[in-house]
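Report on the structure
These are the residues of each chain, in order.
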Amino acid sequence: MPTHTSTAAKTPAKAHPAPARKPGIKAGNKNLQPADYLKKILTARVYDVAVESALEKAKTLSARLKNTVLLKREDQQPVFSFKLRGAYNKMAHLSAAQLKKGVICASAGNHAQGVAMSAQKLGTRAVVVMPTTTPQLKIDAVKSWGAEVVLHGDSYSDAYSHSLLLEKKRGLTFVHPFDDPDVIAGQGTIAMEILMQLQSLGSSRLDAVFVAIGGGGLISGVANYIKAVRPEIRVIGVQMNDSDAMMQSVSASKRVTLNDVGLFSDGTAVKLVGEETYRISRELVDEFISVDTDAVCAAIKDVFVDTRSIVEPAGALAVAAIKKYVATNKTQGETYAAILCGANMNFDRLRFVAERAEVGEEREALFAVTIPEERGSFRRFCEVIGDLPGGPRSVTEFNYRISDDARAHVFVGLTTSAKGESTKIAANFTRHGFKALDLTHDELAKEHIRHMVGGHSALSKNERLLRFVFPERPGALMKFLSSMQPGWNISLFHYRNQGADYGRILVGLQVPKADNKAFKSFLDTMGYPHVEETDNPVYRLFLQS
Ligand SMILES: Cc1ncc(COP(=O)(O)O)c(C=O)c1O
């Protein structure tokens, strides 16, 4: 992890050409310094459109981390992200002639909404070029501010190139998402507010500000203000581990273009950072931290617990980094601010986030457990689960498919309450004679295998397939499992707890034809409603031998 404390002015490296024209970065051939930016930030125009967002203490997270965590609620902005600050400041500084012609930007995300809203406020025309792949929700949001949307190309780069053509053709002014001193100054007003708002929280102590980085506009504004006013406060930049163009650029001492970037945190997915934002970050940012998807999902949940609001992945990067920073440096009693920079979350992402949050926090442990393929061993295994230390634990996943005469491999998920518990649980299974492989940190298991336990099995003769449904409540699965003790072999089992209203279980049982009558009366006495799926064509295609 590179740590940069230098404040000496250096000329930005130019190994890679900038994607945009340089937006007048130097004043009189001199790089702008924190004092210059301070002036620009103090005179920035943002409050015609932006609100002074709250700075709040995250009570639960602070207690857990033994440090005070303050949340700067940029998710409260009218476009649900900070981006309108920079866009509006840039546009408010345009000449009357420029405003008469209108502005243009390329963006599939928050910048587009910031530009569109600002244009409406300033009574100017905005053209927003978006890739054809942009979700309709975002297109509609931009249109609702009165902007003209032009869909072009499959990627941001295609949309960007097209926007440059339109800029020339229509005489519009380009509004860059990050590499522009006016945009940077607009974003810097966040730091100005934080330092003012600290007073009203009862203490001016602030040890570090954590800031998500995409192209670097936000951190450039924040770092300039902080280093001009209270240079002792550390400015810590945060990136996704699969989208870390700024970290790579700073370590390489030149701007690095990434071939590919992870899109989970779409707000910060940038392949090449700005020239000015690179220069500022290299000079003023004290430290960089990278975080992974699971940590970001867990941080989204942390923010939800403290605020009951859901931020988008980029909006949770700072909180994820604070947790990593505290764990690494073992700090106590310090005060940190996290900028919750956006809340434009795609609703269809929520299921993934909820699932990974549990794994990211290690609230769920996953195992492959081997049990002997013999009568009674399934029940014994269930008893061991019921008696695990630290229990009772909920079973989150229970998947099994017959594949071996002698042994059964069961994929099991269990709730845990603290990191590191999975190792102890695995040891406990082994002590009881069930060999267990801890899959809690296994990407293949988490992403794929958990959904793939099954398939055709030559050993599943006379199999009958049944679907059971019962109201989900603590202990319901274990109760079901104990009533599932017929004389017939269980050849398939599938259960996944997704926080649903009803537990849904699929069971395969090997019932010779001669036992059909006895099997019917077993099902009748079990007391669980069921649907027989043995004749379902999908069963035949994917499971039946
Ligand atoms: C929610 C959110 N967070 C962070 C960023 C990154 O900001 P910057 O590109 O200024 O580093 C963006 C950029 O669009 C964003 O939308």
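Residues numbered from 1 in each chain as written. Predicted model: local features only at pLDDT ≥ 70, side-chain atom pairs only at ≥ 80, totals over all residues. Heavy atoms only, no water.

**Let's talk about the UniProt feature "domain: ACT-like" (unreviewed entry) in the protein chain**
Within this structure's numbering, the places UniProt gives as "domain: ACT-like" (unreviewed entry) are residues 365-441 and 464-535. Each end of residues 365-441 is marked by a C-alpha atom, and these two atoms are 9 Å apart; helix forms 27% of the span and strand 36%. (UniProt positions renumbered as here; feature names shortened; annotations may be inferred. Helix = DSSP H or I, 4+ residues; strand = E, 2+ residues; numbered from the N terminus.)

**Remarks on helix α8 (residues 181-200)**
Look at α8: 30 Å from first C-alpha to last across 20 residues, which is about the 28 Å you get at 1.5 Å a residue. Counting buried positions along α8 gives 17 out of 20 residues, so the element sits mostly inside the fold. Once α8 finishes, Gly202 follows within two positions and takes phi at roughly 100°, a positive value. (Expected span 1.5 Å × (residues − 1). Buried < 20%, exposed > 50% of the residue type's maximum accessible area, 1.4 Å probe, protein only.)

**Here we look at the layout of surface pockets**
Taken as a whole, the largest pocket holds about 1,400 Å³ of empty space. In terms of lining, the largest pocket is formed by 50 residues, of which the most central are Ala108, Tyr156, Asp266, Ala269 and Val270. Put simply, the parts of the chain that give the lining of the largest pocket at least two residues each are α5 (110-122), α7 (156-170) and α9 (217-229). In terms of residue count, the dominant contributor to the lining of the largest pocket is α7 (4 residues). (1 Å grid on protein atoms, 1.4 Å probe; cavity = no way out; pocket = protein on both sides within 12 Å on 5 of 7 lines; lining within 4 Å. Points joined across faces, edges and corners; volume = space filled by probe spheres on them.)

**Some points on the packing of helix α12 (residues 293-307) against helix α14 (residues 350-360)**
In a packed pair of helices, the relevant descriptors are the angle between the two axes and the axis-to-axis distance. Running from N to C, α12 and α14 point in directions that differ by 105°, and their axes come no closer than 7 Å. The orientation of α12 with respect to α14, classified from their angle, is roughly perpendicular. Here Thr293, Asp294, Cys297, Ala298, Ile300 and Lys301 of α12 lie close against α14, whose contacting residues are Phe352, Val353, Arg356, Ala357, Glu358, Val359 and Gly360. Tallied by class, the residues present in the contact of α12 with α14 amount to 7 nonpolar, 2 polar and 4 charged. (Axes fitted to C-alpha atoms, helices over the stretch in contact; angles between N-to-C directions. Parallel < 35°, antiparallel > 145°, perpendicular 65-115°, else oblique. Contact = heavy atoms within 4.5 Å. Nonpolar A, V, L, I, M, F, W, Y, C, P; charged D, E, K, R; others polar.)

**Observations concerning the side chain of His111**
By the element assignment, His111 lies in helix α5. Once you skip the residues sitting within four places of it in the chain, His111 turns out to touch Lys83, Ala87, Cys105, Val175, His176 and Pro177.

**Regarding the site of the ligand**
The environment of the ligand is made up of 16 residues, and the closest members are Asn110, Gly214, Gly215, Gly216 and Leu218. One of the backbone nitrogen or oxygen atoms of Gly216 is found 2.7 Å away from an oxygen atom of the ligand. Gly217 places a main-chain nitrogen or oxygen 2.9 Å from an oxygen atom of the ligand. Classifying every residue of the shell around the ligand gives 6 nonpolar, 8 polar and 2 charged. (Near = heavy atom within 4 Å. Polar contact = N/O pair within 3.5 Å; in protein donor to acceptor, adjacent residues only side chain to side chain.)

**Some points on the nonpolar core**
By size, the foremost hydrophobic cluster in this structure holds 77 residues, and its most contacted members are Val209, Phe210, Val291 and Ile339. No other element matches the 9 residues that helix α13 (residues 313-329) contributes to this core. Among all residues touching Val291, those that are not within four sequence positions of it are Val238, Gln239, Met240, Asn241, Val296, Leu317, Ala320 and Ala321. If you look at the next biggest cluster of nonpolar residues, it comprises 43 residues, including Ala408, Phe480, Ile490 and Phe493. (Core = buried A, V, L, I, M, F, W, Y, C linked by side-chain atoms within 4.5 Å.)

**Details of the pattern of salt bridges**
Tallying each qualifying case throughout the model produces 36 salt bridges. A salt bridge links Arg85 to Glu193; the shortest N-O distance between them is 2.8 Å. On the criterion of sequence distance, the pair formed by Arg85 in helix α3 (residues 83-92) and Glu193 in helix α8 is long-range, its members being 108 residues apart. Considered together, Arg85 and Glu193 belong to a single accessibility category, that of buried residues. The partner of Arg496 in a salt bridge is Glu364, with the nearest N and O atoms 3.4 Å apart. Pair noted here: Arg496 is in strand β16 (residues 489-496) and Glu364 is in strand β11 (residues 364-372), with a separation of 132 residues, a long-range link. (Salt bridge = Lys/Arg side-chain N within 4 Å of Asp/Glu carboxyl O.)

**Points about the sheet that holds strand β15 (residues 463-471)**
Two orientations exist for strands paired in a sheet by backbone hydrogen bonds: parallel and antiparallel. Reading across the sheet, the 8 strands line up as β14-β11-β13-β12-β16-β17-β15-β18 and stay open at both edges, with antiparallel pairing between neighbours. In this open sheet, the two edge strands, each paired with only one partner strand, are β14 (435-438) and β18 (530-532). Strand-to-strand twist across the sheet, computed as the mean angle between neighbouring axes with direction ignored, equals 25°. Pairing geometry for β11 and strand β13 (residues 407-415), over 9 bridges, is antiparallel. Note that in β13 the partner of Phe367 across the bridge is Val412. Here helix α19 (residues 516-526) sits on the sheet in contact with β15, β17 (502-510) and β18, set at roughly 10° to β15. (Pairing = 2+ DSSP bridges.)

**Some remarks on the sheet that holds strand β6 (residues 173-174)**
If you trace the 4 strands from one edge of the open sheet to the other, you get β5-β4-β3-β6, paired in parallel fashion. The open sheet is flanked by β5 (148-151) and β6, the only strands paired with a single partner. In terms of strand pairing, strand β4 (residues 126-130) meets β5 through 4 bridges, oriented parallel. Residue Val128 lies in a different strand from β5, and its bridge partner there is Val149. Together, β3 (103-106), β4, β5 and β6 form the strand contacts of α7, whose direction differs from that of β3 by roughly 165°.

**Overview of the domain arrangement of the protein chain**
Interface size is commonly expressed as the accessible surface area that is lost when the partners come together. Splitting the protein chain by domain gives domain 1 (32-75 + 181-353), domain 2 (83-174) and domain 3 (362-542). Distance from the C-alpha centre of domain 1 to the C-alpha centre of domain 3: 43 Å. (Domains from an automatic or database assignment.)

**Some details on a nonpolar patch on the surface**
There is a patch of nonpolar side chains on the surface, built from Phe304, Val305 and Ile310 and spanning about 210 Å² of accessible area. Secondary-structure assignment places Phe304 in helix α12. (Patch = residues over 30% accessible without salt bridge, like charges linked within 9 Å, V, L, I, M, F, W, Y side chains within 5 Å. Areas by Shrake-Rupley, 256 points an atom, 1.4 Å probe, with all protein chains shown as cover.)

**Notes on the side chain of Thr134**
With respect to the element layout, Thr134 can be found in the loop between β4 and α6 (136-144). Of the residues examined, Thr134 reaches a relative accessible area of 7% and is grouped as buried. Of note is the side chain of Thr134, whose polar atom sits 2.6 Å from the backbone oxygen of Pro131. Setting aside chain neighbours within four positions, we find Thr134 in contact with Ala108 and Ile139.

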